[in-house]
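Okay, here's what each chain looks like letter by letter:
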Amino acid sequence: MSAFQFLLLEANLTDAEVVQATLMEGGINCELLRVETCADFIRTLETDEIDLILADYALSNFDEIAALTIARRLHPNTPFIFISGSLGEELAIEVIKQGATDYVLKQRLGRLVPSVQRALQETQQLDKDAIKRKQALSAIESDLKDTQLLHELSVKLVTEGDIQTLYQEIMAAAIALTRADAGTVQILDEATQELLLLANQGFEQNMTEHFYRVNASSNTPCGIALRNGDRTFLDFDVPKSEDPNGSMQMHVEAGYFSAQSTPLITRFGKPIGMFSTHWRKHHRPSDRELRFLDLLARQAADLIEQRQAQVALRESQARLQSVANLVPDLLWNSEPDGSTNWYNQRWMEYTGQTFDEAIGWGWIDAIHPDDREASTRRYREAVEQSVRLQQEHRIRRHDGEYRWFVVNAFPLKDESGKVVKIYGAATDIHEQRVALEALRESEEKYRTLFESIDEGFYFAEAIFDAEGRCVDIFYLDENPAAVRMIGQSAKGRRMSELAPYEQYWPDAFGKTARTGQPQRRKEYAAPDGIWYEFYVFKPPQAQENRFVLIFRDVTERRRSQKALRESEAKY
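Residues numbered from 1 in each chain as written. Predicted model: local features only at pLDDT ≥ 70, side-chain atom pairs only at ≥ 80, totals over all residues. Heavy atoms only, no water.

Digging into the overall build of the protein
- Within the protein, the regular secondary structure consists of 20 helices and 21 strands.
- Among the 571 residues that make up the protein, the fraction classed as buried is 45%.
- By sequence separation, contacts in the protein at least 24 residues apart represent 56% of the contacts at least 6 residues apart.
- When the accessible surface of the protein is summed, it comes to about 29,700 Å², and 50% of that surface belongs to carbon and sulfur atoms. (Helix = DSSP H or I, 4+ residues; strand = E, 2+ residues; numbered from the N terminus. Buried < 20%, exposed > 50% of the residue type's maximum accessible area, 1.4 Å probe, protein only. Contact = heavy atoms within 4.5 Å. Areas by Shrake-Rupley, 256 points an atom, 1.4 Å probe, with all protein chains shown as cover.)

Right, dumping it as structure tokens:
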């Protein structure tokens, strides 16, 4: 076993030698780096890997807890033990509160070895726990990242009019989800029954030209996948007898050894194409990656089918020159109070309202009754705050069916910053909402990733006032351990609704939400009567002001430590 490396802050050489001898007699294999000054102490912490810190409490060239403060800043997880010849009980409690692991009196150096052993064991256990938590959090973050990718893609593409851009975005998403090196999108030409290569990334021109057209009924992997409606996996480095036309060898020469092809099937079972991803090594995607890939395939098939229908419609309308200014969205402008005075023709076509019926407050009649109150409230709030509004609600179609729309409203302001007009657009996202519901059902399968964690887990959003100070916390999600720990559910509620918690809680969480800087702290929650050890961080790509909080109850541990100190003080 390699020796530990301890840092000893001690000006007295004789005392340092006694400490060294005590550790050696106790069977602790360590290299003791002794320093006497603040500068040497900081330099050693910055340049060396330190496993444990020992420090004389009463050095003349340090403030009382300056060394501890420096160590906690530079090595927050390294055990810190005070060795003192005059540390009273009151000061001992104070240094423990400040983050010291333990303290040992020079008159009782026999306690040093057990104290060091205990500190090292606790650190090793914390490292193991941290690895487990990191693995669980990594899985959660990967799912959140891929879920966010699909969500952002659906929002972006629902209004994308260029079908070629649609193909490129879908291909890029497939590559990202499978961590692949290259990818293609092939669309079925119904007239010729050939797969046309319409988007690619990572291939040279000779490859794209060779594979531009592939017979959909052929016995190739792409043809088989499309015909059977099942995903296929392929390794390209096969014997020549299995590659009569040399297409496999072309992939190997291009640097690719494995690929998967996923067919694009509409919800009505109609094959419309496929996307493939390629790797420069032998590879198979994980089950988790394939589940997200299936979600992308369903989403992509719907979007492509919709865009193909729209392209055909636009071409037909262009030939007939029937409508020169057709806009797929519902457009309007309104006064700050919410009354409208203009709509495009699409609004009347969709809702069946006449212009006279729609202007003023007539638009409310077309909104689903369950959405009206929230929609009007959010509109008022956006006007009052002079900010852009984005919300989703259902709008009644002329045949009585309600469909989901995403509404984007932009304020027009005068020179003083006052809102004088609102311009809005509503985009049909009904198919997207249906797809997202399916996605949410899939996400339920992964809730066990954080519900099985023993620590409390919150996904929350910081609420700031006009001066930029965090004044409250809104809890978006929680795990069962969090409910058990605080004795009630916080999901969908604010911190201020739960109990009158101290201001330092929202201050700490708000700092991480705004800056992205993680924090690991111990704080006492008076309303609960509990000491909490918590770690707060901002996940990658999390929305503004949102963060994750992991915490545990360390009250019993603190009581045990206090009892131990009191017991030791008696003897």
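Quick word on the confidence of the model for the protein
- On average, residues of the protein score 85 in pLDDT, and 90% of them are at 70 or above.
- Strand β18 (residues 470-478) holds the highest mean pLDDT among the elements of the protein, 94, whereas helix α16 (residues 448-451) holds the lowest, 68.
- Ignoring residues within four places in sequence, the model shows residues 320-325, a span with pLDDT below 50, making one contact including any to other chains. (pLDDT = per-residue confidence, 0-100.)

Topic: the nonpolar core
- In terms of nonpolar packing, the biggest core is built from 29 residues, with Y167, V185, L264, F275, L296 and I304 touching the most fellow members.
- Broken down by secondary-structure element, the contributors of at least two residues to this core are α5 (112-157), α6 (163-178), β6 (182-189), β11 (271-279) and α10 (287-320).
- For this core, the element with the highest residue contribution is α10, accounting for ten residues.
- Once residues lying within four places of it in the same chain are set aside, the contact partners of I304 are L166, Y167, I170, I187, L264 and I272.
- Ranked by size, the runner-up nonpolar core spans 27 residues in total, among them A460, F547, L549 and F551. (Core = buried A, V, L, I, M, F, W, Y, C linked by side-chain atoms within 4.5 Å.)

Quick notes on a nonpolar patch on the surface
- Judged by side-chain polarity, L412, V420 and Y423 come together as a nonpolar surface patch covering roughly 240 Å² of accessible area.
- Secondary-structure assignment places V420 in strand β16 (residues 419-428). (Patch = residues over 30% accessible without salt bridge, like charges linked within 9 Å, V, L, I, M, F, W, Y side chains within 5 Å. Salt bridge = Lys/Arg side-chain N within 4 Å of Asp/Glu carboxyl O.)

Observations concerning the side chain of S261
- When you line up the elements, S261 lands in strand β10 (residues 258-265).
- For S261, a relative accessible area of 7% puts it in the buried group.
- Here S276 takes part through its side chain, which lies 2.8 Å from a polar atom of the side chain of S261.
- Sequence-distant contacts of S261, that is, excluding residues within four places in its chain, are made with C222, A225, D230, R231, T232, M274, F275 and S276. (Polar contact = N/O pair within 3.5 Å; in protein donor to acceptor, adjacent residues only side chain to side chain.)

Description of the sheet that holds strand β1 (residues 4-9)
- Taking strand neighbours across the sheet as the criterion, the five strands line up as β2-β1-β3-β4-β5 in an open arrangement whose pairing is parallel. The open sheet has two edge strands, β2 (30-35) and β5 (102-105), and neither has a second partner. On average, adjacent strands in this sheet sit at an angle of 20° to one another, irrespective of strand direction.
- Pairing of β1 with strand β3 (residues 52-56), which is carried by four bridges, proceeds in the parallel orientation. Opposite L7, over in β3, you have I53 as the bridge partner.
- Across the sheet, helix α1 (residues 13-25) touches β1, β2, β3 and β4 (80-84), and the angle it forms with β2 is around 165°. (Pairing = 2+ DSSP bridges. Axes fitted to C-alpha atoms, helices over the stretch in contact; angles between N-to-C directions.)

Topic: the packing of helix α2 (residues 38-47) against helix α3 (residues 66-74)
- At their nearest, the axes of α2 and α3 sit 10 Å apart, and the two run at 20° to each other. On the basis of their axis angle, the class for α2 and α3 is roughly parallel. For α2 against α3, the interelement crossing comes out right-handed. In this structure, α2 uses C38, F41, I42, L45 and E46 to contact α3, whose residues at the interface are A67, I70, A71 and L74. (Parallel < 35°, antiparallel > 145°, perpendicular 65-115°, else oblique. Left-handed = near helix turned anticlockwise from the far one by under 90°.)

A short note on unusual backbone geometry
- A positive phi angle, near 55°, is found at S386, a position not held by glycine.
- Positionally, S386 belongs in the loop between α14 (369-385) and β14 (389-396).
- At Q541, a residue that is not glycine, the phi angle is positive and equals roughly 65°.
- Inspection of the secondary structure puts Q541 in the loop between β20 (530-537) and β21 (546-553).

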